[in-house]
Amino acid sequence: MRHVGLKWVMAAQFAYKHSAIEKKWQKRWRKEKTFSPDIAKAKKPYYNLMMFPYPSAEGMHVGNMYAFTGADIWGRYQRMRGFDVFEPMGLDGFGIHSENYAIRIGEHPTAVSKRTQKRFYEQLERAGGSFDWTRTLETYDPAYYKWTQWVFVQMFKKGLAYRKKAQVNWCPSCKTVLADEQVINEECERCNTKVVDRELEQWFFKITDYADRLLNNLDKIDWSEKVKIAQRNWIGRSQGVLIQFSLAGPVGSSSRSTSSLSAAGTQRDPLRSRHPQDYVEIFGTRPDTIFGTTFLVLAPEHPLSLEISTRGQIQKVKQYIKTSQKKSNEERMAKARGKTGVFTGAYAVNPFNNEKIPIWIADYVLLSYGTGVVMGVPAHDQRDFEFAKKHKLPIREVIRSKGEKWNRKQAFEGEGVLVNSGKFSGLSSREAIEKISNHAQKNRIGQRKVQYHLRDWLISRQRYWGPPIPMIYCEKCAKGGKGEHKGMAGWYPVPEKDLPVKLPHIKNYQPKGAGESPLALDKTWVKVACPECQSVARRETDVSDTFLDSAWYYLRYPNIGKKDDAIPWNRQVTKKWLPVNMYIGGAEHAVLHLMYSRFLAMAFHDWGLIDFEEPFTRFYAHGLLIKDGDKMSKSRGNVVVPDTYIKKHGADTVRSYFMFLGPFDQGGDFRDTGIAGMNRFYGRVWDLVTGTQNLILDNTGDAKATYVRIHQAIKRVTEDMENLRYNRAIAGIMEYVNFLQDMRGKGVPTKGKMRCTEWEEALQTLVKLVAPFAPHIAEELWQSNWGGKKFVSVHLQAWPEFSPELTLELTLEIPVQVNGKLRGTVRLDREQAGSQKAVEKEARKLEGVSRHLKGKKGKKVIFVPERLLNFVVS
RNA sequence: GCCGGGAUGGUGAAACUGGUAGACACGCAUGGUUUAGGACCAUGUGCCGUAAGGUGUGAGGGUUCGAGUCCCUCUCCCGGCACCA
């Protein structure tokens, strides 16, 4: 029987040649616009987006291809499910990453980007993505960044962009400031240089205004839980209270005279009668521990730290502030457990027990969080505990855990029952938090407060390769106190008709490091007429953060080609295509790109420009393809480019190989062993379809079994596709192919037109199932076997459907156990397999089973219909 | 420290609501085909054992007729956050 099949195999050997078909179909698809949906008329729009790459000039590496392949397979699958899939591609090539590369190779970024663009798009097409090549965008294209600048202008107009002097993260190597999110372990995320603090005036976006919505909306969107958690952590909401501690004791050396002592707590309306310097305000999340406060600590940078210090201590305090400022962040971290500090000489009064407690200054307290002052509760906070031990401050227990005595070796940070807490003693921590907060609020000594870790988004970059921030500063207006917004006298946005503010060509574009962008070098460019008074003004010379480019690009894609309107998108198109149905990208952007994009969408929504708040309905984080256990990167020198593999084995093989490596959300380690195996598999698929069109299965039993297998295969692959479990889907297809090969061995070849319907259907199904993974092979096989006169791509064919009742096996194998140990199996018809009687009868006949039952007393028999039989004996 | 995710053959990995652990591949071995190599085809392949059989999902305990899967304790690895009060 077998040899009949073998003849074909030998005849068909080596028939599959990827080089002959891949380019051919890529050209055809482009010509036919197979993957360009009709944006205006599409009936079932589906926006399948993947994170656009920043093009390193080496070109696309296998890590990129891995990510895009998985996303593209999703798009192709949805297309076959009947959707008008829009799958755009572009380049995020404006920004530090591209500029740094240009500097390294000593070429101008304009020239570099021209080259990388060509190379990247070529590679992407060769890798077999179903992109809409009629709608690409590059962030460095003035037609694009015109609108990035427009976004900035709107942010300014709506009061969400502001300028302030602030302590910012400065990368000495990139010579620019960085957003908090771009600092990883105190290092610049781009070049791993230690970041230092610098005081500079910068542009910020008020993302903190949206903190609550950014947090709450997370519950409404279908995103990887991992990413949601990362965002929640980053937003870092904590519920607490602000409590005012009056100053007591000599307020000293500063020239400012205060009337502080009188304010200590007894007036009717203390809030109003006090000067701000009469009290210090703390932020804490554990008001239940307030009776355990034995000292207060101010951050060294706190404005009051010098003011409250006494004459005797002021020199020491000054010295301490100076040294802690000089410390780099790194040192401050390294000494994290050192708990250095200095006493100010001043005292405060705990409003809950009127106790006089000392005020200290220590750099374990951060100015940037809360009020920059904490209440020191050494018994119940480990940091305070260490500080108290070191500086010999009193430690008082006020929370006791159930029945246990506190060991005094380290702080007890858990919740418990209050002791030594006046009238609050005996309450549980939970109750006390409530009651103490209420008490503070009622007596005007404090209030509830929600505190976020999230800070405003630092937008300015002192670099060349980015969109110039479209702002103008007029000195004359500034002097006159005129300006678009209060508090920002002299600042005007560039009028929208004048956008884009084109990036001038500057030969020496390298960053200078003086806290100023190289754009400042072009004096004629800087000079501009004030939009308000027409006198000579100057342009802002900083460019905006790369993440602004990518925070809104998804809105642009479907609108490319639309005539420019007053806003960068057409409302109808946007309504039809957005929000994005599926967004696929790396989890490394969890707190950067994804947070910024959400923020801007909310702002656009609030201005009435779009009607959704969340830009990405579904986000799926793919895993990373790594190399030898390490992330692929130029600095590690382990970047693998897919070109040679594509050339050797074909894109279809490489794509499938990547997806077969392991679960898509898990990534994997790139090795080239095994690619050949995938190629072999497609050789078999090819031979199967091209070699055996005319086949009659020799009996109806085989035909029936074939039908069951077709439906089982469809079911399995479909379910796996739905869950993006491509590795399983491919395994399912392989099993199916293995089965078909066996069937072919049994079949009888026929001449001429005679065909067996089941077989024909089996092959068509195979080609469709394979199509998302191996688009070129599928197209070739489809067109040459079932293609009509008019070209209709296999990728527009309907995904095969299955009937659940047809997936049921005709016979079932039932495992038989004795005391839970497998002793044999019986094969029965479906009906019999559901009857305990029938199964038991067959099972007892088994030698391996009867042997273990002999001489034993039967206790019971467990039977799971169609599943299992277990004899329990003793 | 906190929050996530993991740990299954020589390797990548499967295993639906607890029900034949290792599907599907890679690799390896043997045989076939081939002038040779490669490619291709067949068979085998968790471990110990000639076999019968035993044993086996990071470690230990528990629940159950039955545990990779559920519960408790612990170890290690990866990712994120981190002096956030």
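Structure: see above.
Residues numbered from 1 in each chain as written. Chains lettered and ligands numbered in written order. Predicted model: local features only at pLDDT ≥ 70, side-chain atom pairs only at ≥ 80, totals over all residues. Heavy atoms only, no water.

**Let's talk about the protein's contact with RNA strand B**
Neighbouring RNA strand B are 54 residues; Arg-383, Leu-661, Arg-680, Arg-728 and Arg-867 lie closest to it. Counting only the atoms of RNA strand B within 4 Å of the protein, the fraction contributed by sugar and phosphate is 59%. Between a base oxygen of RNA strand B and a side-chain N or O atom of Lys-339, the distance comes to 2.5 Å. Contact distances for RNA strand B include 2.6 Å between a phosphate oxygen and a side-chain N or O atom of Arg-725. Examining the composition of the surface near RNA strand B, we find that six residues originate from one element, helix H25 (residues 726-746), more than from any other. (Near = heavy atom within 4 Å. Polar contact = N/O pair within 3.5 Å; in protein donor to acceptor, adjacent residues only side chain to side chain. Helix = DSSP H or I, 4+ residues; strand = E, 2+ residues; numbered from the N terminus.)

**A closer look at the pairing of strand E27 (residues 582-586)**
Along E27, five of the five residues are buried, which leaves the element largely enclosed by surrounding structure. Pairing of strand E1 (residues 45-50) with E27 involves three bridges; the strand directions are parallel. Counterpart to Leu-49 in the pairing with E27 is Tyr-583. Examined bridge by bridge, E27 and strand E28 (residues 618-622) share four bridges and lie parallel to one another. Counted as the bridge partner of Gly-586 is His-622 from E28. (Buried < 20%, exposed > 50% of the residue type's maximum accessible area, 1.4 Å probe, protein only. Pairing = 2+ DSSP bridges.)

**Topic: the pattern of salt bridges**
The tally for this structure, following the rule as stated, stands at 41 salt bridges. As a salt-bridge pair, Arg-213 and Asp-606 come within 2.8 Å of each other at their nearest N and O atoms. With Arg-213 in helix H7 (residues 211-216) and Asp-606 in helix H20 (residues 593-606), this pair connects stretches of sequence that are 393 residues apart. Residue classification places Arg-213 among the partly exposed positions, given a relative accessible area of 27%. Under the relative-accessibility criterion, Asp-606 is labelled partly exposed at 38%. (Salt bridge = Lys/Arg side-chain N within 4 Å of Asp/Glu carboxyl O.)

**What about H20?**
The terminal C-alpha atoms of H20 lie 20 Å apart, and with 14 residues this matches the ideal 20 Å at 1.5 Å per residue to within 8%. Of all 14 residues in H20, twelve are buried; the element is thus mostly enclosed. The complete set of buried residues in H20 reads His-593, Leu-594, Met-595, Tyr-596, Ser-597, Arg-598, Phe-599, Leu-600, Ala-601, Met-602, Ala-603 and Phe-604. Once H20 ends, the next one or two residues include Gly-608, with phi positive near 80°. (Expected span 1.5 Å × (residues − 1).)

**What to know about the sheet that holds strand E6 (residues 176-178)**
Pairing in this open sheet of four strands is antiparallel, and the strands run E6-E5-E9-E20 from one edge to the other. Edge strands, defined here as strands with exactly one partner in the open sheet, are E6 and strand E20 (457-458). As defined by bridge partners, strand E9 (residues 196-205) adjoins E20 across two bridges and the pair is classed as antiparallel. Its bridge partner lying in E20, Phe-205 is registered against Trp-457. Against the sheet, helix H6 (residues 142-157) touches strand E5 (161-171) and E9, its axis set at about 85° to E9. (Contact = heavy atoms within 4.5 Å. Axes fitted to C-alpha atoms, helices over the stretch in contact; angles between N-to-C directions.)

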